[in-house]
Amino acid sequence: MGPKSDPASRSPALSPLGLWNPLQEASQFQSPLGPNFKSLAQEPFGLQEKQLLQGPVKPLDWRYPTVPEVQSELVENFPMRQPVTPGSVAVQCGENRVLVEVQQDLFSNGQLIQPTGLSLGGCPVVGQDPESRVLIFEDELQDCNSVLMMNEDELVYTFSLTYTPEALAGTPITRSDGAIVGVQCHYQRLQNVSSDALRPIWFPYASTKAGEEVLLFSLKIMMDDWSYQRPSYTYFLGGVINIEASVKQYNHVPLRVFVDRCVATQVPDVNSLPRFSFIENHGCFVDAKATASSSRFMPRSQVDKLQFQLEAFMFREGNSPSIYITCILKATIASAPSDAQRKSCSFANGWSAADGNDQVCGCCDSTCGPDGEFAASPYGGW
């Protein structure tokens, strides 16, 4: 079942000729009882009406106007951001013990990891410094599934520091990737002690988008300054995805576009699991409230465009690093004020509207009206 369009966005259904002509229909009628019955049936209308009914009717030649194809303008020589190795793991090797300190901002992206998701060869965190946000391991060299190797000059103890991200509370998503950091303690046979650590790397995920065609809607991934459509859909976890929803007006009265709801899935099926609904309840951007993210609607600058930022994430379960985003867009007459079912509300210490009418966001913590159903599959994708 597809989403219901707003009454202001509906077009009247017309026949191929544009209008129904009762005179033309009458002229094409053939009586099964013969010409005499036809003459008797038409005679009460008078001679003038009879001649009018039998006269030729010029067919209408009006057709729907052809919608011009809009070419997307892409920026040239788009620079891809390269991963930066964070210095968030420190190792100190003792005579018979190893001390490992891990910053909770493991990936240097502002997302703090939880101690329960981190282990050193199966050994849990033994200490934590809340002020500096550092997690501490201190274990024997022979513990925590360490591996001992020896060469001509050194003894090398190797550990695996493993981070397994947990889903954010109440959601199936995470904004950090898993990582395995190799930790090594090198001991020279002359008793000089040194240490070294491999540092984490991770793979970004690819994002896709989908749009609904009711009028002429579009949903685009934009550059950081919103000037052009972004040629790449690859992002790092925790990065900001700029998305622009718009509706083409052409000869229509001015329209105001809204994002009614959006859902993210791992496959191009909005009914698949896991899935994460980050805009719901007729335009309430719930992601920031559910996950403490920076996701939000931007202040509206044009009525036929609505821009919003989504903090990049991936699903905790599953093998695919990609997500599919399906949104339902709707448009109303621009002169109509926003209301509970036509709004764009963001959460940051309370709800606020992109149009400035914050009162319409008062229902975002309850129910703003009946919700429709997503279709069985997305309407399009990138």
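Residues numbered from 1 in each chain as written. Predicted model: local features only at pLDDT ≥ 70, side-chain atom pairs only at ≥ 80, totals over all residues. Heavy atoms only, no water.

Visitor: Looking at this structure, I do not really get the nonpolar core. What am I missing?
Guide: A general trend in soluble globular proteins is that nonpolar side chains are found buried together. By size, the foremost hydrophobic cluster in this structure holds 32 residues, and its most contacted members are Val259, Phe278, Ile279, Phe297, Phe308 and Phe313. Residue assignment for this core shows that the elements contributing at least two residues are strand 12 (217-222), strand 14 (240-247), strand 15 (255-265), strand 16 (275-280), strand 19 (305-311) and strand 21 (323-333). With near-sequence residues (within four places) excluded, Phe308 lies in contact with Leu219, Trp226, Ile241, Asn242, Ile243, Val259, Phe278, Ile279, Phe285, Arg296, Phe297 and Met298. Core analysis: the second largest hydrophobic core is formed by 25 residues, Val89, Val102, Tyr157 and Val181 among them. (Core = buried A, V, L, I, M, F, W, Y, C linked by side-chain atoms within 4.5 Å. Buried < 20%, exposed > 50% of the residue type's maximum accessible area, 1.4 Å probe, protein only. Helix = DSSP H or I, 4+ residues; strand = E, 2+ residues; numbered from the N terminus. Contact = heavy atoms within 4.5 Å.)

Visitor: Would you mind going over the sheet that holds strand 14 with me for this structure?
Guide: Adjacent strands of a sheet pair through backbone hydrogen bonds, lying either parallel or antiparallel. Strand order in the open sheet formed by four strands is 12-14-19-18, and the pairing between neighbours is antiparallel. Two strands in the sheet have a free side with no partner beyond their single neighbour: strand 12 and strand 18 (296-297). (Pairing = 2+ DSSP bridges.)

Visitor: Please clarify how the side chain of Gln307 should be interpreted in this entry.
Guide: Mapping Gln307 onto the fold places it in strand 19. Not counting chain neighbours up to four residues away, the residues in contact with Gln307 comprise Trp226, Ile243, Glu244, Phe297 and Met298.

Visitor: It is not clear to me how the side chain of Ser246 should be interpreted in this structure. Could you clarify?
Guide: Turning to its location among the elements, Ser246 is positioned in strand 14. A distance of 2.5 Å separates polar atoms of two side chains, one belonging to Ser246 and the other to Ser218. Among residues more than four places away in sequence, those in contact with Ser246 are Leu216, Phe217, Ser218, Val257, Asp304 and Lys305. (Polar contact = N/O pair within 3.5 Å; in protein donor to acceptor, adjacent residues only side chain to side chain.)

Visitor: Just to check I follow, could you spell out the pairing of strand 1 (residues 89-93) for this structure?
Guide: In summary, the side chains of a regular strand alternate between the two faces of the sheet. Burial of strand 1 is one-sided: the residues Val89, Val91 and Cys93 facing one way are buried, the residues Ala90 and Gln92 facing the other way are not. Sheet topology note: the strand 1/strand 2 (residues 97-103) ladder contains five bridges and is antiparallel. Bridge pairing links Gln92 to Leu99 in strand 2.

Visitor: Got a minute to help me understand unusual backbone geometry in this structure?
Guide: With the exception of glycine, most residues fall at negative phi, and the peptide bonds are largely trans. For the peptide bond that leads from Leu273 to Pro274, omega is 0°, which places it in the cis range. By secondary structure assignment, the location of Pro274 is in the loop between strand 15 and strand 16. The phi dihedral of Cys144 is positive, around 60°, even though this residue is not glycine. As for its position among the elements, Cys144 is in the loop between strand 5 (134-140) and strand 6 (147-150). Owing to a relative accessible area of 6%, Cys144 belongs among the buried residues under this scheme. The phi dihedral of Trp226 is positive, around 65°, even though this residue is not glycine. One can find Trp226 in the loop between strand 12 and strand 13 (234-235).

Visitor: Just checking my understanding: could you explain the pairing of strand 9 (residues 179-188) for this structure?
Guide: Among the ten residues of strand 9, seven are classified as buried, and the element is accordingly described as predominantly covered. Note that strand 7 (residues 154-163) and strand 9 share ten bridges and pair antiparallel. Residue pairing across strands places Glu154 opposite Gln188, the latter belonging to strand 9.

Visitor: How should I be thinking about the environment of Thr332 in this particular structure?
Guide: Relative to the assigned elements, Thr332 resides in strand 21. Through-space distance from the C-alpha of Thr332 to that of Pro254 is 8.6 Å; in sequence the pair is 78 residues apart.

Visitor: How should I be thinking about the pattern of salt bridges in this particular structure?
Guide: Oppositely charged side chains are able to pair whenever their charged atoms sit close together. Scanning the model with the defined rule gives eight salt bridges in all. A salt bridge links Arg300 to Asp355; the nearest nitrogen and oxygen atoms lie 2.7 Å apart. Taken together, the residues Arg300 in the loop between strand 18 and strand 19 and Asp355 in the segment after strand 23 (351-353) connect sequence positions 55 residues apart. For Arg300, a relative accessible area of 16% puts it in the buried group. For Asp355, a relative accessible area of 29% gives the class partly exposed. We note a salt bridge from Asp339 to Arg342, for which the minimum N-O separation is 2.9 Å. When its relative accessible area of 21% is taken as the criterion, Arg342 is described as partly exposed. Where salt bridges share partners, they join Arg97, Glu138 and Glu140 into one cluster. (Salt bridge = Lys/Arg side-chain N within 4 Å of Asp/Glu carboxyl O.)

Visitor: Explanation requested: the sheet that holds strand 2 in the structure shown.
Guide: With antiparallel pairing, the four strands of this open sheet are ordered in space as 1-2-5-4. Each of the sheet's edge strands pairs with one partner strand only, and the pair in question is strand 1 and strand 4 (127-129). When strand polarity is set aside, the average angle formed by the axes of neighbouring strands in this sheet is 20°. (Axes fitted to C-alpha atoms, helices over the stretch in contact; angles between N-to-C directions.)

Visitor: Teacher, can you tell me more about the confidence of the model for the protein chain here?
Guide: Detailed reading of the predicted coordinates is not advisable wherever pLDDT is low. Overall, the predicted model of the protein chain reaches an average pLDDT of 77, with 72% of residues at or above 70. With pLDDT under 50 throughout, residues 37-41 is counted as low confidence; its partners more than four residues away or in other chains account for four contacts. When the criterion is pLDDT under 50, residues 375-382 qualifies, and its contacts beyond four places in sequence or with other chains add up to 31 contacts. (pLDDT = per-residue confidence, 0-100.)

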